[in-house]
Amino acid sequence: MGNRLKDNLNSQYFEAANSLTSKKARRRIVAYVESYDDIYFWRTVLSEFENDKRFFEVMLPSKGNLTRGKKSVLMNFLEGEPLGRDMIACVDADYDYLIQGRTRQSQKILASPYVFHTYVYAIENFQCYAPSLHNVCVSVALNDHRIFDFHEYFRQFSEVLFPLFVWSIMLYRNGNYPKFSITDLNRIADPGGFNVQNPEPSIANVKRKVRTKINDLQRQFPDAKDEYLFTKEDLKSLGVTPQTTYLYIQGHHLFDTVVSPILSKVCNLLRQERQNEIYHASAHKTQKRNEMSCYENSLQDIKVMLKKNTGYMSSEQFRQVQEDIRNYLDKE
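Residues numbered from 1 in each chain as written. Predicted model: local features only at pLDDT ≥ 70, side-chain atom pairs only at ≥ 80, totals over all residues. Heavy atoms only, no water.

Given two aromatic rings, one states the distance between the centres and the angle between the planes to describe the pair. For the structure on display, the rule yields 23 aromatic pairs. The interplanar angle of 80° and the centroid separation of 6.3 Å between the aromatic rings of Phe-41 and Phe-318 together place this pair among those described as edge-to-face. Pair noted here: Phe-41 is in helix H3 (residues 36–46) and Phe-318 is in helix H15 (residues 316–331), with a separation of 277 residues, a long-range link. For the pair Phe-41 and Phe-318, one class covers both residues: buried. Both rings, one in Phe-126 and one in Phe-318, keep their centres 6.0 Å apart while their planes meet at 90°; by these two values the pair is edge-to-face. (Phe/Tyr/Trp six-rings, centres within 6.5 Å; stacked < 30°, edge-to-face > 60°. Helix = DSSP H or I, 4+ residues; strand = E, 2+ residues; numbered from the N terminus. Buried < 20%, exposed > 50% of the residue type's maximum accessible area, 1.4 Å probe, protein only.)

Below, the discussion takes up the environment of Asp-256. The topology assignment puts Asp-256 in helix H12 (residues 251–279). Taking C-alpha positions, Asp-256 is 8.7 Å from Lys-303, a pair spaced 47 residues apart along the chain. The contact partners of Asp-256, leaving out residues within four places of it in the chain, are Pro-261 and Lys-303. Here Lys-303 takes part through its side chain, which lies 3.3 Å from a polar atom of the side chain of Asp-256. (Contact = heavy atoms within 4.5 Å. Polar contact = N/O pair within 3.5 Å; in protein donor to acceptor, adjacent residues only side chain to side chain.)

So, on to the pattern of salt bridges. A side chain of one charge can pair with a side chain of the opposite charge if their charged atoms are brought near each other. Considering all chains together, one arrives at 17 salt bridges under this definition. The salt bridge partner of Asp-96 is Lys-70, with a shortest N-O separation of 2.5 Å. Taken together, the positions of Asp-96 in the loop between strand E3 (87–91) and helix H5 (104–111) and Lys-70 in helix H4 (residues 70–78) put the pair 26 residues apart, joining distant regions of the chain. Ionic pairing is found between Arg-173 and Asp-234, a salt bridge with its closest N-O pair at 2.7 Å. Placement of Arg-173 in helix H8 (residues 150–173) and of Asp-234 in helix H11 (residues 225–237) is noted, with a sequence separation of 61 residues between them. A network of salt bridges, in which partner residues are shared, links Arg-27, Arg-85 and Asp-86. (Salt bridge = Lys/Arg side-chain N within 4 Å of Asp/Glu carboxyl O.)

This part takes up H3. All of the buried residues in H3 are Asp-38, Phe-41, Trp-42, Thr-44, Val-45 and Leu-46. Tucked into the core, H3 has its buried residues touching strand E1 (27–32), strand E2 (54–59), E3, strand E4 (115–117), helix H6 (123–127) and H15.

Before going further, it helps to examine the side chain of Gln-127. For Gln-127, the position within the fold is in helix H6. Taking relative accessible area as the criterion, Gln-127 reaches 5% and is therefore assigned buried. Ignoring anything within four residues of it in the chain, the contact list for Gln-127 reads Ser-132, Leu-133, Phe-255, Leu-306, Lys-307, Asn-309 and Tyr-312.

Our next topic: the sheet that holds E3. The strands making up a sheet associate through backbone hydrogen bonding, with each pair oriented either parallel or antiparallel. The 4 strands lie next to each other as E2-E1-E3-E4, forming an open sheet whose pairing is parallel. Two strands in the sheet have a free side with no partner beyond their single neighbour: E2 and E4. Averaged over all neighbouring strand pairs, the angle between strand axes comes to 30°, with direction disregarded. Across 6 bridges, E1 lies against E2 in parallel orientation. Bridge pairing in E2 places Ile-29 opposite Phe-56. Strands E1, E2, E3 and E4 of the sheet are contacted by H3, whose axis makes an angle of about 165° with E2. (Pairing = 2+ DSSP bridges. Axes fitted to C-alpha atoms, helices over the stretch in contact; angles between N-to-C directions.)

Structure (structure tokens):
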């Protein structure tokens, strides 16, 4: 048996294995994912659909050579060896959803009933779902005081970025992406210096960079108005709104460069507030010291708690993913 067959068994193998088990045994459906972090996310998605007749096993695409990533998950599928009813692929959408079949990979992902994607750029975008970020702060700092409006901030951030995001998708669709890459967009989508009490300058900084780049792109592509307007309306039909652009930019950039630094500053203030309450409490020194030690030992790491955040389950985009799984199972 060749190495590729050992590492990437196709759906027929799992169907045959299921047929050999007792009729009373639950059907095993293998779900291949991109990385270790994706295992937890897709387990969250798929758990709802397990019952006494079926269960999912979420795994990386290869145990033999430790290869990971989207290309590894889709390798057999793109080379013609089909997935099937007992073997599915669960991947980040990246731009493949929004470019709507302009590449071979995008075509295959959108056409296959056995490939499921996140709709938003990646699982990190779900973890950074703005309405859930206050709860992340509570889990980190153990302080439920709402000192910052995450939902409003990312609404403004998204509205400022949306016109340039339309340019990005348009240029990826028509093959001109070297003129404005995702990396270029990330540099502009970096708020830079952020102040919890005064966040407006960080939004203004992004707005200034967006305006400068749009002027540059308009000079490079003076006849792109109609294509731009079409792309804009098409993106809206795909679920992208000016208020939710942050969910569709590169996930690692959003997680590491935008959301984590903001959460860090908010959580630091919440920790200081709690520590001040303990310090000024009317108690003797030993009790205060014990209370402070107890509080500090209970604090959590921001990125760890952000990765464990499941507040995105109330989002429209997450419900789309669930609906795709539901339709696949209903047809089966």
